[in-house]
Amino acid sequence: MKRLRVMVVDDHPMWRDAVARDLGEAGHEVVATTGEGRQALRVAAAVRPDVVVLDLRLPDLPGAEVARGLATCAPPPRVLVLSASGEQEDVLEAVKAGASGYLVKSASRQDFLEAVARTAEGEPVFTPGLAGLVLGEYRRLAARPGADDGGPRLTERETEVLRLVAKGLSYKQIAERLVLSHRTVQNHVQNTLSKLQLHNRVELVRYAIERGLDEG
């Protein structure tokens, strides 16, 4: 597993320490921990983590506002929300604020560590069941009058890869499914991002969902 620089933001000291310990034991470097949103923004700009594990309930700022602030860092870290809440409003607010993933605190240690690794790669990661909330919201928005159905033409293979990306498969899983190398899958994704003028895999998933490619 790639060694990552991770920052943990949670206002419960025991939980924060436990998360940091799990990350350290998995070989990652915990570059900072804090329980306050404003401090998180200041520290993140200084330590430049790859991933920020963020709770939504903080004493000074809403977690979504912290996520939006982290997006202005250079370079911006990936944000994985780790929350006790599985409410639709919280999930959608976090995603709209720029979070790459959303995990509830009842997730297993293994699921959490896998989510951190996938978040670092720019993959959208959600606790099972929550992804459907996000899919439904983007589908609803895409169904509004005036939604754009056009777009650049993708090759058959690019469309096939995009469809699997929208279903939440990792690069490794897509490579195994299509009998391709991991590098070839990455190249297809990068080519598709370039054609669609999108910036990351999260935006690519949104594009695919808006066009119903996750249903194929």
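Residues numbered from 1 in each chain as written. Predicted model: local features only at pLDDT ≥ 70, side-chain atom pairs only at ≥ 80, totals over all residues. Heavy atoms only, no water.

J.: An account of the overall build of the chain is needed here, citing residue identities and associated values.
T.: Secondary structure summary: the chain contains 10 helices and six strands in total. Counting over 216 residues, the chain shows a buried share of 46%. Excluding contacts between residues fewer than 6 apart, the proportion of contacts in the chain whose partners are at least 24 apart in sequence is 65%. Summed over all atoms, the accessible surface of the chain reaches about 11,000 Å², with 48% contributed by carbon and sulfur. (Helix = DSSP H or I, 4+ residues; strand = E, 2+ residues; numbered from the N terminus. Buried < 20%, exposed > 50% of the residue type's maximum accessible area, 1.4 Å probe, protein only. Contact = heavy atoms within 4.5 Å. Areas by Shrake-Rupley, 256 points an atom, 1.4 Å probe, with all protein chains shown as cover.)

J.: I'd like a description of the packing of helix 8 (residues 171–178) against helix 9 (residues 182–196), backed by residues and values.
T.: Two numbers describe how helix 8 lies on helix 9: the axes approach to 8 Å, and their chain directions differ by 105°. The angle between helix 8 and helix 9 places the two elements in the roughly perpendicular class. Facing helix 8, whose interface residues are Tyr171, Lys172, Ile174 and Ala175, helix 9 presents His182, Val185, Gln186 and Val189. (Axes fitted to C-alpha atoms, helices over the stretch in contact; angles between N-to-C directions. Parallel < 35°, antiparallel > 145°, perpendicular 65-115°, else oblique.)

J.: Which residues make up the pairing of strand 2 (residues 29–34), and what values go with them?
T.: As judged from the five bridges shared by strand 1 (residues 5–9) and strand 2, these two strands associate in the parallel manner. Each residue of the ladder has a partner; that of methionine 7, found in strand 2, is alanine 32. Crossover handedness for the path strand 1 to helix 1 (residues 13–25) to strand 2: right-handed. (Pairing = 2+ DSSP bridges. Right-handed = clockwise from strand over helix to strand, strands pointing away.)

J.: Outline the UniProt feature "modified residue: 4-aspartylphosphate" (unreviewed entry) in the chain, supporting the account with residue identities and numerical values.
T.: Residues given the UniProt feature "modified residue: 4-aspartylphosphate" (unreviewed entry) here are Asp55. In this structure, aspartate 55 sits in the loop between strand 3 (51–54) and helix 3 (63–70). Contacts of aspartate 55, omitting those with residues within four sequence positions, involve Val9, Asp10, Asp11, Gly63, Leu82, Ser83 and Lys105. (UniProt positions renumbered as here; feature names shortened; annotations may be inferred.)

J.: Kindly report on the pattern of salt bridges, identifying the contributing residues and their values.
T.: Two side chains with opposite charge may pair up if their charged atoms get near one another. By the definition in use, this model includes nine salt bridges. Of the charged contacts, one joins glutamate 29 and arginine 5 as a salt bridge, the two residues approaching to 3.6 Å between their closest N and O atoms. On the criterion of sequence distance, the pair formed by glutamate 29 in strand 2 and arginine 5 in strand 1 is long-range, its members being 24 residues apart. A salt bridge links arginine 118 to glutamate 123; the shortest N-O distance between them is 2.9 Å. (Salt bridge = Lys/Arg side-chain N within 4 Å of Asp/Glu carboxyl O.)

J.: Outline the confidence of the model for the chain, supporting the account with residue identities and numerical values.
T.: Residues shown with low pLDDT carry predicted positions that ought not to be read at fine detail. Taken over all residues, the pLDDT of the chain has a mean of 84, while the share at 70 or more is 86%. Averaged pLDDT values for the elements of the chain fall to 55 in helix 6 (residues 131–142) and rise to 98 in strand 1. Contacts of residues 142–149 to residues separated by more than four positions or lying in other chains number three contacts, the stretch itself having pLDDT below 50. (pLDDT = per-residue confidence, 0-100.)

J.: Which residues make up the packing of helix 2 (residues 37–47) against helix 3, and what values do they have?
T.: Contact geometry for helix 2 and helix 3: axes closest at 10 Å, N-to-C directions at 15°. Relative to helix 3, helix 2 is oriented roughly parallel. In this structure, helix 2 meets helix 3 at a crossing whose hand is right-handed. In contact with Gly37, Ala40, Leu41 and Ala44 of helix 2, helix 3 contributes Val66, Gly69 and Leu70. (Left-handed = near helix turned anticlockwise from the far one by under 90°.)

J.: How would you explain helix 4 (residues 88–96) if you had to name every residue and give the values?
T.: Of the positions making up helix 4, those classed as buried are Asp90, Val91, Leu92, Ala94 and Val95. One or two residues past the end of helix 4 sits glycine 98, with phi positive at roughly 115°.

J.: Can you explain the environment of valine 31? Please cite residues and give values.
T.: Structurally, valine 31 can be placed in strand 2. Considered as a pair, valine 31 and valine 6 are 25 residues apart in the sequence and their alpha carbons are 5.8 Å apart. Beyond its immediate stretch of four places on either side in the chain, valine 31 contacts Arg5, Val6, Met7, Val47 and Pro49.

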